[in-house]
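Structural characterization, general
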Amino acid sequence: MEFFLAIDLGASSGRHVIGCFDDGKITLETIYRFKTGMEESPDGLVWNIPQLFKEIKEGIKVAFSKYPKIESISIDTWGVDYVLLNGDKDISPYYAYRNKRTINSSKQVHSIVPFATLYRRTGIQFASFNTIYQLFDDLKKGRLEEATDYLMLPSYFTYRLTGIKTHEYTNESTGALLEAKTGGYDFDTLDKLGLPRKLFGQIHKPGYEVGYLLPEIEEEVGGNAKVILCPSHDTASAFEAASVPEDGIILSSGTWSLLGIKSKEPIISDSSLKANYTNEGGVGYIRFLKNIMGMYIANRVREELNLSIQEVNRDLTKSDYEEVFDVNDPSLNAPEKMSEAVLALLKDNPPKTNNDLFASIYRSMAVAYGKAIDELEEITGKTYRSILVIGGGAKSEYLNHLIHFYTKKSVNVLPIEATALGNIKTQLKARKN
């Protein structure tokens, strides 16, 4: 019997999950949970990185108290965000991807490298929060003058645990920094933008062994183990947990909804550009995806109205309200009040009850999935017959029913910690190698 620790940070919550491997099977146990949300500051939306690292260490401590012998540890997080360092010192603030600082920088980047050109090289969708726009904002504001390194968040936390700086392929691939066809940094573009090459170190693939916990970390958490690079973008780990037929689609349903397929090669065409499909790195494949706003909307509204998940789900089927809105509308990116932003989009025929409001949110998500699948089939010239829904959103029977209704596809669900499972599968594979 062997034990592995997956540390999975989503944009609203984090968890430590023990994977027990015994007799050829993996069982999961969530042993620690914590909140991860963005915080308002004079600099806009930021992450409380010191607090997140404190929670990471506390969860490791809990893990070792229950399982003294852990084979390895690996961390995954959301994509595009990073920490700048000057040697071993952080450069703050720790900007969050929903910070509005990149609205202008994305336009400035496109004045130097048109988006169509950038897409042809990187295969990455346009999103104003992409890493390349964030780094360009740092450049223009002088934040890169003292920076010796930039580390995507999983690599940063791994560095604080081990003292070793790394760059992991799947997370690096999320922010339009890599050439889609080679998987290496797109230095032609980075040079044109004036981003210093010294920031971009060697890229490692999932399964790479980083090292062991630092002595001071070992003393603090009460144990030691190897630290491995998993597919450190959470969706990349989730895709590793998913097994689908060639005519199947994966829908990773969490804060974001990531809908797409595993492709042997990047898919970069006029139609994929128009549909804003993205090519992100996977483990031996490309994750060809559409990014759709997911449970973030429902969760924000639920918190604002002080409702439990049980209260939201209890009477959804009783609503006959059928109005929908565009879940990717820019007004929903980081509004002060999500409920007010949604109601503004439904102003022509507003919902009469909270039940109607949540029914509309879920219905709008399902409609967006249907549209994305139509685009996917047009781009690839293939017909897909089934959808595998993984992640937290897979637990909603109401949403799964709507997905089937609006896509006309067979819907299968994997309502477990899919990201943690993919994280642990990678650790197990690395141990065997």
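Details of the structure are given in the entry above.
As a convention, each chain's residues are numbered from 1 in the sequence order in which they are written. The predicted origin of the model limits local features to residues at a pLDDT of at least 70 and limits the giving and counting of side-chain atom pairs to 80 or more, whereas totals for whole chains, interfaces and linings rest on all residues. Side-chain metrics in this entry use all non-hydrogen atoms of the structure; hydrogen atoms and water are not considered.

**Some points on the overall build of the protein**
The criterion, for reference: Only runs of H or I of at least four residues qualify as helices and only runs of E of at least two qualify as strands under DSSP, and these elements are numbered from the N terminus. Computation of the radius of gyration draws on C-alpha atoms, with the globule rule given as 2.2 Å multiplied by the number of residues to the power 0.38. We call a residue buried when its accessible area falls under 20% of the maximum for its residue type, exposed when it is over 50%, and partly exposed in between, using a 1.4 Å probe and counting protein chains only. Only heavy atoms enter the contact rule, under which two residues are in contact if any of them lie within 4.5 Å. Where accessible areas are quoted, they stem from the Shrake-Rupley method and a 1.4 Å probe; at the residue level, only the protein chains shown are allowed to cover.
From N to C terminus, the protein includes 16 helices and 19 strands. For 433 residues, the compact-globule formula gives about 22 Å, and the C-alpha radius of gyration of the protein, at 21 Å, lands near that figure. Principal-axis analysis of the C-alpha atoms places the extent of the protein at approximately 60 × 55 × 45 Å. For the protein, with 433 residues in total, the buried portion stands at 58%. Taking the intrachain contacts of the protein between residues at least 6 apart in sequence as the baseline, contacts between residues at least 24 apart amount to 72%. Approximately 18400 Å² of the protein is accessible, and the part contributed by carbon and sulfur atoms is 48%.

**Overview of the packing of helix α11 (residues 295-304) against helix α14 (residues 354-380)**
Operational definition: Here the axes come from fitting lines to C-alpha atoms, over the contacting stretch only for helices, and the angles between their N-to-C directions go from 0 to 180 degrees. Angles are sorted into four bins: roughly parallel if under 35 degrees, roughly antiparallel if over 145, roughly perpendicular if 65 to 115, and oblique for all others. Just so you know the grouping, Ala, Val, Leu, Ile, Met, Phe, Trp, Tyr, Cys and Pro go in nonpolar, Asp, Glu, Lys and Arg go in charged, and all remaining residues, Gly too, go in polar.
In contact at an axis separation of 10 Å, α11 and α14 are set at 170 degrees when each is read in the N-to-C sense. By the angle between their directions, the pair α11 and α14 is classed as roughly antiparallel. Side by side, α11 and α14 meet where M295, I297, A298, V301 and R302 of the first sit next to L357, F358, I361, Y362 and M365 of the second. Its residues assigned to classes, the contact of α11 with α14 shows nine nonpolar, no polar and one charged.

**Focus: the sheet that holds strand β2 (residues 13-22)**
Counted only if it meets this: A pair of strands is treated as paired once DSSP finds two or more bridges between them.
Spatially, the six strands line up as an open sheet ordered β3-β2-β1-β6-β13-β12, and their pairing is mixed. In this open sheet, the two strands that pair with only one neighbour each are β3 (25-35) and β12 (209-212). Between one strand and the next, the sheet's axes are offset by a mean angle of 25 degrees, whatever the strand orientation. Alignment of β12 against strand β13 (residues 226-228), held across three bridges, turns out to be antiparallel.

**Details of the packing of helix α9 (residues 234-241) against helix α16 (residues 418-432)**
Contact geometry of α9 with α16 gives a least axis separation of 6 Å together with a crossing angle of 80 degrees. Classed by the angle they form, the pair α9 and α16 counts as roughly perpendicular. Taking contact as the criterion, the partners of D234, S237, A238, E240 and A241 in α9 are, on α16, A418, T419, L421, G422, N423, K425 and T426. Broken down by class, the residue content of the contact of α9 with α16 amounts to four nonpolar, five polar and three charged.

**Structural notes on the sheet that holds strand β7 (residues 82-86)**
The strand order across the open sheet formed by three strands is β8-β7-β9, and the pairing between neighbours is antiparallel. Two strands close off the open sheet at either side, each with one partner strand: β8 (89-91) and β9 (149-152). Within the sheet, the average angular offset between the axes of one strand and its neighbour, ignoring direction, is 40 degrees.

**Things to note about the packing of aromatic side chains**
The cut-off we apply is this: Ring pairs are drawn from Phe, Tyr and Trp, using the six-membered ring of Trp, whenever the two centres fall within 6.5 Å, and their geometry is named by plane angle: stacked under 30 degrees, edge-to-face over 60, tilted for the rest. A ring is scored as having a charge over it whenever the NZ atom of a lysine or the CZ atom of an arginine sits within 6 Å of its centre and within 35 degrees of its normal.
Tallying each qualifying case throughout the model produces 19 aromatic pairs. Taking 6.4 Å as the distance between ring centres and 45 degrees as the angle between the ring planes, the aromatic pair formed by W47 and Y97 counts as tilted. Here the residue W47 occupies a position in the loop between β5 (44-46) and α1 (49-66), and Y97 occupies one in the loop between β8 and α2 (102-112), the gap between them amounting to 50 residues. Of the two residues examined, W47 and Y97, each falls in the buried class. Considering the side-chain rings of Y362 and Y398, the 6.1 Å spacing of their centres and the 75 degrees angle between planes classify their relative orientation as edge-to-face. Note that Y362 is positioned in helix α14 and Y398 in helix α15 (residues 397-407), a separation of 36 residues in sequence. Residues Y362 and Y398 agree in their burial class; the two are buried. Aromatic rings pair up to connect W47, W78, Y97, F129 and W256 into one cluster. Lying over the aromatic face of Y169, K205 brings its terminal NZ or CZ to 5.0 Å of the ring centre.

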